[in-house]
Amino acid sequence: MLPMTAAEFIETLALFKNEKEIDKVEKFFKGNDGITKSFGVKFGDVFTTAKEFSAMSLEEINQLLDSDFYEVRMGAVSIMDFQARSKKTSEDQKKQLYDLYLNRHDRLNNWDFVDRAARYIIGEYLIDKPRDVLYQLAQSDSPWKRRTAIVSTHAFIRENDVHDTFAIAEILVNDPNELVNKAVGSWVREAGKKDQNKLESFLTTYAKTMPAVTFSYATEKLDPESKLHYKELRKAR
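The rules behind the values
The residue numbering used here restarts from 1 in each chain and proceeds along that chain's sequence as written. In view of the model being predicted, local features appear only for residues whose pLDDT reaches at least 70, and side-chain atom pairs are presented and counted only at 80 or more, with totals across whole chains, interfaces and linings using the full set of residues. Only hydrogens and water are set aside when side-chain values are computed; all heavy atoms of the structure are taken into account. Fitting a line to C-alpha atoms yields each axis, with helices limited to the stretch in contact; the angle taken between N-to-C directions then spans 0 to 180 degrees. Numbering of helices and strands runs from the N terminus; a helix is a DSSP stretch of H or I covering at least four residues, while a strand is a stretch of E covering at least two. Roughly parallel here means an angle under 35 degrees, roughly antiparallel means over 145, roughly perpendicular means 65 to 115, and every remaining angle is called oblique. Crossing handedness: left-handed means the near helix sits turned counterclockwise from the far one by under a right angle, and right-handed means the same turn made clockwise. Whether two residues are in contact is decided by their heavy atoms: any pair within 4.5 Å suffices. Classification convention: Asp, Glu, Lys, Arg as charged; Ala, Val, Leu, Ile, Met, Phe, Trp, Tyr, Cys, Pro as nonpolar; all other residues, Gly among them, as polar. A residue's bend is simply the angle between two axes: one fitted to the seven residues ending at it, one to the seven starting at it. The cut-offs for exposure are 20% and 50% of the maximum accessible area for each residue type, with area from a 1.4 Å probe on protein chains only; residues under the lower value are buried, those over the upper are exposed, and the others partly exposed. As used here, the arc belongs to the directions running from the helix axis to the C-beta atoms. Pairing of aromatic side chains requires ring centres within 6.5 Å, counting the rings of Phe and Tyr and the six-membered ring of Trp. Pairs whose planes differ by under 30 degrees are stacked, by over 60 edge-to-face, and all others tilted. Think of it as a cone above the ring: NZ of Lys or CZ of Arg counts as a charge over the ring if it is within 6 Å of the ring centre and within 35 degrees of the ring normal.

A. Summary view of the packing of helix H6 (residues 91–103) against helix H7 (residues 111–123). Two elements in contact, H6 and H7, have axes separated by 10 Å at closest approach and are oriented at 140°. Between H6 and H7, the crossing angle belongs to the class labelled oblique. The hand of the H6/H7 crossing is left-handed. Touching Leu97, Tyr98, Tyr101 and Leu102 of H6 are Val114, Ala117, Ala118, Ile121 and Ile122, all from H7. Looking at the contact of H6 with H7 residue by residue, the class counts come to 9 nonpolar, no polar and no charged.

Written out as structure tokens, the structure is:
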């Protein structure tokens, strides 16, 4: 078995370096923090390596989150996600993963960090618990925390519980960040598959004012007649 240390993980990841991959990171990284660098490793190799190191301790994962390299932090988030998904992970360990995600959210400053792990680490943990934290995140100055708030509700949607998805979407429906807009549209669309009446009510209330990208994602799976109806509502504003 590979040693489960941050240093060993980085050394293993370095074996997959490819200079051609460096430019691709800019396409995916939207944090624009002026610090993040690319290691030059394909995403598939990052995920494979993370799976091999999925028994890594939280202390070592925390060290990976300190890295300025995008792929190293993605590896850390992926390890956390693998652990949160595992049936062998105890409730106490899941709480520690949940706390680590929230405490180091400043290091999860891109849409795909959130999408990689929010459902299992945050959403699944909150299935049988109060969800106030999601409403706090939805009010955050950080677009990545706001995205976590809505993406985490995927776990609830899968349990046919769509209340929080629509409630948080109402908070974020006119968010100034396009990547939050896309998430809002995506998850109300998914929630609408479970409760179309709530989706229709949401669209009737907000179709006129929501950003175009939110509207596009939210109505993507509607039948042509319904989609046309809501497009006409937008024209009437």
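B. Representation of H7 in the model. If you look at H7, its biggest bend is around 55°, right at Ala117. Within H7, 11 of the 13 residues are buried, which leaves the element mostly enclosed by the surrounding structure. Those residues of H7 not exposed but buried are Asp112, Phe113, Val114, Arg116, Ala117, Ala118, Arg119, Tyr120, Ile121, Ile122 and Gly123.

C. Fine view of unusual backbone geometry. Even without a glycine there, the phi angle at Asn160 is positive, about 65°. Topologically, Asn160 is positioned in the loop between helix H10 (154–157) and helix H11 (163–172).

D. Region of the structure containing helix H3 (residues 43–52). Where H3 is concerned, the buried positions are Val46, Thr49 and Ala50. Angular distribution of buried residues about the axis of H3 spans 105°; they occupy a single face of the element.

E. Here's a closer look at the environment of Asn109. Mapped onto the secondary structure, Asn109 falls in the loop between H6 and H7. Along the sequence, Asn109 and Phe29 sit 80 residues apart, while their C-alpha atoms lie 8.4 Å from each other.

F. The packing of aromatic side chains, seen in detail. As enumerated under the stated definition, the model contains 7 aromatic pairs in all. Between Tyr70 and Phe113, the ring centres sit 5.4 Å apart and the planes meet at 40°, which makes this aromatic pair tilted. A residue pair is termed long-range when its members are at least 10 positions apart, and Tyr70 in helix H5 (residues 70–85) and Phe113 in helix H7 qualify at 43 residues. Judged by its relative accessible area of 0%, Tyr70 is buried. Between Phe202 and Tyr206, the aromatic rings sit 5.0 Å apart at their centres with planes inclined by 50°, giving tilted as the arrangement. Here Phe202 and its partner Tyr206 are both found in helix H13 (residues 196–206), 4 residues apart, which amounts to about one turn of the helix. Note on accessibility: Phe202 and Tyr206 belong to one class, buried. Grouped by ring-pair contacts, the aromatic residues Phe43, Tyr70 and Phe113 constitute a single cluster. A cation over an aromatic ring shows up here: Lys17 above the ring of Phe39, its NZ or CZ 4.4 Å from the ring centre.

G. Here's a closer look at the packing of H3 against H5. Following both chains from N to C, one finds H3 and H5 inclined at 45°, their axes separated by 8 Å at the closest point. One way to sum up the angle between H3 and H5 is to call them oblique. In this structure, the crossing between H3 and H5 has a hand that is right-handed. Across from Phe43, Val46, Phe47, Ala50 and Lys51 in H3, the residues of H5 making contact are Tyr70, Glu71, Met74, Gly75, Ser78, Ile79 and Phe82.

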